[in-house]
Amino acid sequence: MSESQNILTDSFGRKHTYLRISLTERCNLRCSYCMPLEGVPLSPKDHLMNAEEVFEIAKLFVQEGVAKIRLTGGEPLVRKDFPEILTSLATLPVQLTMTTNGVTVDRHLELLKQCGMKSLNLSLDTLDAEKFKKITFRDQFKKVHENMFLLQQEGFLVKINVVLMKGVNEDEILDFIELTRDYPFIVRFIEFMPFDGNNWNREKTVSLREILDLLESNYSADRILRLQDAPNDTAKNYQIQGFKGQFGIISTVTNPFCDSCNRIRLTANGQLKNCLFSQTESDLLNPYREGKSILPIIQKAVGKKFAMRGGLSSPEQFNDPEQHHNRSMITIGG
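Described in the following lines is the structure provided in the data block. (Residues numbered from 1 in each chain as written. Predicted model: local features only at pLDDT ≥ 70, side-chain atom pairs only at ≥ 80, totals over all residues. Heavy atoms only, no water.)

What about the overall build of the protein chain?
Check the secondary structure of the protein chain and you find eleven helices and twelve strands. Sequence separation of 24 or more characterises 72% of the internal contacts of the protein chain that already satisfy a separation of 6 or more. (Helix = DSSP H or I, 4+ residues; strand = E, 2+ residues; numbered from the N terminus. Contact = heavy atoms within 4.5 Å.)

Right under this line is the structure:
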C-alpha cells in the first residue's frame, strides 16, 4: 500500500476493499432489466480498457488495499482476451471472482481453476425454459441450467442471482428455495433496481418483507434460520433447516445496506463509479493513457461518495424514476 493510506476510505470512514471491473458492454443475452430493448450505444473499441490496462489499473487498486476483484460485464466471457486478463489478474494478491450468465462458462472451467477462482455468481432469473426465453430473448436455458450444475459438480461455490420482478418471476421464489434442498447453491434474490431504459417503477419490486412473508406461510418459523452475514455482505442470509444450500435477500430498494459498503466499480471504458447509483463518474482511462497518476482522481472520487444510494437518500427520492440519471446496467457492470 502507498504512503496515502486513506485513498480508498471515504468521508464516512468506509474502507473500499472490493473492486468490480466490467470487461465489456456486450452480452450474449438481452435481459430487459439490464439492457434496454432497443439496445445501447456501445463504446468504440479504442475507448475500452485493453487487457494490459485492466491489469495495470487493477494493480494500483490492489496496492491501495483492494482485496477482492469481481469481473463483470455485459458478459465477461464474451471478451476474446478473457483468458489473458484473468491469467494476469491471478498474479495479484487478491481474491478473484466473476458474475456470468453461464452460457459459455463450461469452456473456461480449467482456466478458472488454474487462476484460483473458487466461487462465482451465475445470473438465472427463472427455472422455466419458456420464461427464460421471454426474459433474455434467447433460447439458452438448457445450457445455463446444465452449466449451473456442472460448476457445482466441479467444486465451485455457485451463487445464483435472481432479479425478482412482479408479474414476471415472483411466483418462482419457493422453487428456487427448494433448489437448495438437495444442492449447496446459494440463491440470492435481488430487488429489481432502477437503471436507464429498464422501465423501473417501485411497484415492480418484490420487497424483503414480501419474501419473508411468503417463507413464513410455507415453512414453519423454527425451520427458517437467520444466518450470520459476512462483513460488508449485501445480502441478508437464510437457510431452511435441513437444506444443503442457503439463500439471501439483497434489498437495495426497500432496506438498503449502504452504511457498510466497501465496493467501487470500474466500467469497461475506464470510468470509476463510487456507487452503483452514482450519477457522476471519474475518468481513469484517459489520464492513465496520458501517463498521469490516477491515484488523486481515485482519492477524490472515493471522497465524494454519498452516504446512501448516490445521494438519493430518502425513499421518496429513490422511488421516483425521474430522479435516476444513470447508465443502463449493462454499461455499468453487474
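Anyway, onward from the coordinates.
A look at the packing of aromatic side chains
A complete count under the given rule lists eight aromatic pairs for this structure. Seen in terms of ring centroids, F132 and F141 are 5.8 Å apart; in terms of plane orientation they differ by 65°. Their pairing is edge-to-face. Residues F132 and F141 agree in their burial class; the two are buried. Ring centres 4.9 Å apart and planes at 75° place the aromatic pair F149 and Y183 in the edge-to-face group. In this pair, F149 is assigned in helix α5 (residues 141-153) and Y183 in the loop between α6 (173-182) and β6 (186-191), connecting sequence segments 34 residues apart. Residue F149 is classed as buried on the basis of its relative accessible area of 16%. (Phe/Tyr/Trp six-rings, centres within 6.5 Å; stacked < 30°, edge-to-face > 60°. Buried < 20%, exposed > 50% of the residue type's maximum accessible area, 1.4 Å probe, protein only.)

A short note on the environment of M49
Of note, M49 is situated in the loop between β1 (18-22) and α1 (51-63). Residues M49 and Q271 lie 222 residues apart in sequence; the distance between their C-alpha atoms is 9.8 Å. Not counting chain neighbours up to four residues away, the residues in contact with M49 comprise I21, S22, V54, I57, R79, L266, T267, A268, G270 and L285.

Thoughts on the pattern of salt bridges
If you walk through the whole model with that rule in mind, you get 18 salt bridges. For the salt bridge of E178 with R181, the shortest nitrogen-to-oxygen distance reads 2.7 Å. Here E178 and its partner R181 are both found in helix α6, three residues apart, which amounts to about one turn of the helix. Here R181 falls in the partly exposed class, since its relative accessible area comes to 34%. Note that E281 is salt-bridged to K273, the shortest N-O span being 3.8 Å. (Salt bridge = Lys/Arg side-chain N within 4 Å of Asp/Glu carboxyl O.)

Details of the pairing of strand β4 (residues 119-123)
A large share of β4 lies buried, amounting to four of its five residues. Across two bridges, strand β3 (residues 95-100) lies against β4 in parallel orientation. Across the sheet, the residue bridging to T99 is N121, located in β4. Between β3 and its parallel partner β4, the chain crosses via helix α3 (residues 109-114), and the hand of that crossover is right-handed. (Pairing = 2+ DSSP bridges. Right-handed = clockwise from strand over helix to strand, strands pointing away.)

Quick word on the sheet that holds strand β5 (residues 157-164)
Where strands meet in a sheet, backbone hydrogen bonds hold them as pairs that are either parallel or antiparallel. Strand order in the open sheet made by the twelve strands is β7-β8-β9-β6-β5-β4-β3-β2-β1-β10-β11-β12, with mixed pairing throughout. With one partner strand each, in any of the chains shown, β7 (224-226) and β12 (282-283) form the two edges of the open sheet. Here strand β10 (residues 263-266) runs beside strand β11 (residues 271-273); their pairing, made up of two bridges, is antiparallel. Note on β11: the bridge partner recorded for L266 is L272.

Digging into helix α7 (residues 208-216)
For α7, the full list of buried residues reads L208, I211, L212 and L215. Down the axis of α7, the sector holding all buried residues measures 95°, keeping them to one side. Turning to α7, the residues buried within the fold contact β5, α6, β6, β7, β8 (236-240) and β9 (246-250). (Arc of directions from axis to C-beta.)

Observations concerning the packing of α1 against helix α2 (residues 82-89)
Each pair of packed helices can be described by the angle between their axes along with the distance between the axes. For the pair α1 and α2, the least separation of the axes is 9 Å and the interaxial angle reads 20°. It follows from the interaxial angle that α1 and α2 lie roughly parallel. The crossing of α1 and α2 is right-handed. Facing α1, whose interface residues are A51, V54, F55 and A58, α2 presents E84, I85, S88 and L89. For the contact of α1 with α2, the residue count by class is six nonpolar, one polar and one charged. (Axes fitted to C-alpha atoms, helices over the stretch in contact; angles between N-to-C directions. Parallel < 35°, antiparallel > 145°, perpendicular 65-115°, else oblique. Left-handed = near helix turned anticlockwise from the far one by under 90°. Nonpolar A, V, L, I, M, F, W, Y, C, P; charged D, E, K, R; others polar.)

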